[in-house]
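Architecture and fold: a report
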Amino acid sequence: MILFKKVLPALLLFCTPFSGFCQDDEPSMDSLLEQAIVIRINTRLLSANGKAGWSFSGARVTIPGRPVVVKLQGGNLQVKLGITPYKDDTVENGMILVTQDEIWITETPGKQAKYLASLKSIKLVMGETIHLYPLGISTMPPEKFNIELEIQIVPYKETQKSQDKKQGPPKEK
Amino acid sequence: MCPKDELISAFLDGEVEAPWEEKLKAHFAECGKCGRRLADMCSLRSLLSRDKEPNYRPAMQRVQRRLYFHMAAAEDDIRYQPERELPFWKRKVRIPMPAAALLSLVLFVLFASFFFFMGQNNTQMAKRGAELYNSQPVQVTVPINGMKVDDLEVLLKLLNNKDFSQEVLMQLPDDSQFSVFGEPEIERVNRER
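Computed from a predicted structure; not experimentally measured.

Let's shift gears to the overall build of chain B. For chain B, the count of helices and strands is 6 helices and 4 strands. Burial analysis of chain B (193 residues in total) assigns 19% to the buried set. When contacts within chain B are restricted to residue pairs at least 6 apart in sequence, long-range pairs at least 24 apart make up 40% of them. When the accessible area of chain B is evaluated, it comes to approximately 16,100 Å², of which 57% is carbon and sulfur surface.

Right under this line is the structure:
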C-alpha cells in the first residue's frame, strides 16, 4: 500500500519533468506552420475610367504580428506600406489587418515633396479580399493614376495543399 | 597527649570502651584545655537536643505525591499518546526489500531510456539538419500567380529573427503622375467563405 500511496506518486512526480525532453520537435514546427499565412498583394494602377493600366503581383509569407512591407516607387511618388496581420480570436479564422502607409509625393515639379502618413485597420477573415487605396478614391483628373492594392490573406498550409494538388503525387526515384 | 575531637565526641556518645574510657576521664580531669573542649561539646549537644526536630513528614508526603503523579502522567503519555501527524518530508517510508529493488530497477530503466532517446533525438535532428543543409533545396516554394515567392527557409528566418520583415518592392512606371485624392481607404471586396 505504501508503494502505491507514496512511492508511486513520488516516482511520477520525479519523472514528469523529464517527459518533456523526450518529445520530438515536430509539434512546435507544425504549430508554426499552422500560424504561417501568405499575404497576396496585387497592385494596379487605375486610370480615371477605372481601367487597370499596369499591375504587379507579389506574395509574402509571414506570421501574425510581423509586417510585410510594400514599397512602391516611380514617377512622382514613393509609398512605403506596412501590412501587419493580427489574429482575431473572437471570430473563426478572423484576422485584423493593420496598414501603415507613408507617402512621399511631388505634386508640382521642382517643389518639395509632400509627406503623408496614416494608419488604418480592418477586420476580415482568411481568404477575404480587400482593396486598399493609399492615395484615396475620390474623383480624379483623367491624366492622373490611382493606386489600388488588392490584398488577400490565406493560410500558408492551404497554399501548400493547392501546390501539392497541382504537382500531383511525388514520383519515386 | 590530648585526644582528637572525634575521640571526645565518641566519649560523649559512650562509644569508647574500657580501659580507654577511664584514661580519658583522668585526662579530662587533669588537662584544662581538653576539659573545656569536652564542656563545649556537652553544651552544644544540650543546645541541639533542646530544639525539637521539625516534622518533615507532611512535606515529604507532598513531594512523594507529586513525584508519583508526574511519573504516572509520563507513563500514560508513553502508553496512550496518539501518533502525531508528521509533515510529508519527515515521514519515514518503509519499503520491503523486493519493492525497493524493483523501484531501483525501474528508475535505472527510466534513466537509461531517457538518455538513450535523447541521443536518438539528437542523431535524428542532426540527420535532419544535414538533410536540410547538404541536400538539394527543399521544394516548398509557393507559386503564386506564376511567381515563386517564398520558401521554408524564409519562413524559418522569420521565426528566428523577430526584426525580420518581408518586403515587396514594386517599381511603378516612371512616366506616371500621381496625386493624393484624399484619405487612404480600405474597402471590403468579397467573402470567399
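On to the sheet that holds strand β5 (residues 94-105) of chain A. Two strands in a sheet stick together by hydrogen bonds in their backbones, pointing the same way (parallel) or opposite ways (antiparallel). Within the open sheet, the 5 strands sit side by side as β6(A)-β5(A)-β4(A)-β3(A)-β3(B). Their pairing is mixed. Edge strands, defined here as strands with exactly one partner in the open sheet, are β6 (114-125) of chain A together with β3 (166-171) of chain B. Each neighbouring strand pair of the sheet contributes to a mean axis angle of 15°, computed without reference to strand direction.

Turning to the side chain of S179 of chain B, a few remarks are in order. Residue position: S179 of chain B is located in the loop between β3 and β4 (185-190). Note on S179 of chain B: relative accessible area 12%, which makes it buried. With residues near it in sequence (within four places) discarded, S179 of chain B still touches I105, E107, L135 and K144 of chain A.

Turning our eyes to something else, we now look at the packing of aromatic side chains. Describing an aromatic ring pair means giving the distance of the ring centres and the angle of the ring planes. All names here are of chain B. For the structure shown, the criterion picks out 5 aromatic pairs over all chains. Relative to F117, the ring of F116 lies with its centre 5.6 Å away and its plane at 65°, an arrangement referred to as edge-to-face. Classification of F117 as partly exposed rests on a relative accessible area of 42%.

Residue and element names in this part refer to chain B. Of the positions making up helix α1 (residues 5-12), those classed as buried are I8, A10 and F11. Considered in projection along α1, the buried side chains sweep an arc of 160° and stay on one side of the axis. Phi turns positive one or two residues past the end of α1, at G14, with a value near 75°.

Here we take up the packing of α1 of chain B against helix α2 (residues 20-30) of chain B. Residues and elements named next belong to chain B. Look at α1 against α2: their axes get within 11 Å of each other, and the N-to-C directions meet at 110°. By the angle between their axes, α1 is roughly perpendicular relative to α2. Where α1 crosses over α2, the two elements pack in a sense that is left-handed. Packed against α1, whose contacting residues are L7, I8 and F11, the element α2 presents E21, L24, K25 and F28 at the interface. A class-by-class count of the residues in the contact of α1 with α2 yields 5 nonpolar, no polar and 2 charged.

The subject of this paragraph is the pairing of strand β8 (residues 146-155) of chain A. Each regular strand shows side chains that alternate between the opposite faces of the sheet. Residues and elements named next belong to chain A. Within β8, 9 of the 10 residues are buried, which leaves the element mostly enclosed by the surrounding structure. As judged from the 10 bridges shared by strand β1 (residues 37-46) and β8, these two strands associate in the antiparallel manner. Pairing of L46 across the sheet is with N146, part of β8. Examined bridge by bridge, strand β7 (residues 129-133) and β8 share 4 bridges and lie antiparallel to one another. Each residue of the ladder has a partner; that of I130, found in β8, is I151.

On to the pairing of β5 of chain A. All names here are of chain A. As judged from the 12 bridges shared by strand β4 (residues 77-88) and β5, these two strands associate in the antiparallel manner. For P85, the partnering residue across the bridge sits in β5 and is L97. Count of turn residues in the β4/β5 antiparallel hairpin: 5 residues, of which N93 carries a positive phi of about 60°.

Residues and elements named next belong to chain A. Taken as a whole and judged by the stated rule, the model has 8 salt bridges over all chains. Between K157 and E34 there is a salt bridge, and its shortest N-O distance comes to 3.4 Å. Of this pair, K157 sits in helix α3 (residues 156-167) while E34 sits in helix α2 (residues 26-35), and the two are 123 residues apart along the sequence. By relative accessible area, which is 28% here, K157 ends up partly exposed. Its relative accessible area of 54% is what places E34 among the exposed residues. In this structure, K123 engages D88 in a salt bridge whose closest nitrogen and oxygen atoms are separated by 3.7 Å. Placement of K123 in strand β6 and of D88 in strand β4 is noted, with a sequence separation of 35 residues between them. In this structure, a network of salt bridges that share partners links the residues R44, E148 and E150.

Attention now moves to the nonpolar core. Within the largest apolar cluster, 32 residues are counted, with the highest numbers of intra-cluster contacts made by I41, V70, L77, I147 and L149 of chain A. Of all elements in the fold, only β1, β3 (68-74), β4, β5, β6, β7 and β8 of chain A together with β3 of chain B reach the threshold of two or more residues within this core. Ignoring sequence-local partners within four residues, the contact set of L149 of chain A consists of I41, N42, T43, V70, L72, L81, I130, H131, L132 and P134 of chain A. The next biggest cluster of nonpolar side chains, apart from the first, holds 9 residues, and it includes I8, V16, L24 and C34 of chain B.

What counts, and at which threshold
Residues numbered from 1 in each chain as written. Chains lettered and ligands numbered in written order. Predicted model: local features only at pLDDT ≥ 70, side-chain atom pairs only at ≥ 80, totals over all residues. Heavy atoms only, no water. Helix = DSSP H or I, 4+ residues; strand = E, 2+ residues; numbered from the N terminus. Buried < 20%, exposed > 50% of the residue type's maximum accessible area, 1.4 Å probe, protein only. Contact = heavy atoms within 4.5 Å. Areas by Shrake-Rupley, 256 points an atom, 1.4 Å probe, with all protein chains shown as cover. Pairing = 2+ DSSP bridges. Axes fitted to C-alpha atoms, helices over the stretch in contact; angles between N-to-C directions. Phe/Tyr/Trp six-rings, centres within 6.5 Å; stacked < 30°, edge-to-face > 60°. Arc of directions from axis to C-beta. Parallel < 35°, antiparallel > 145°, perpendicular 65-115°, else oblique. Left-handed = near helix turned anticlockwise from the far one by under 90°. Nonpolar A, V, L, I, M, F, W, Y, C, P; charged D, E, K, R; others polar. Salt bridge = Lys/Arg side-chain N within 4 Å of Asp/Glu carboxyl O. Core = buried A, V, L, I, M, F, W, Y, C linked by side-chain atoms within 4.5 Å.

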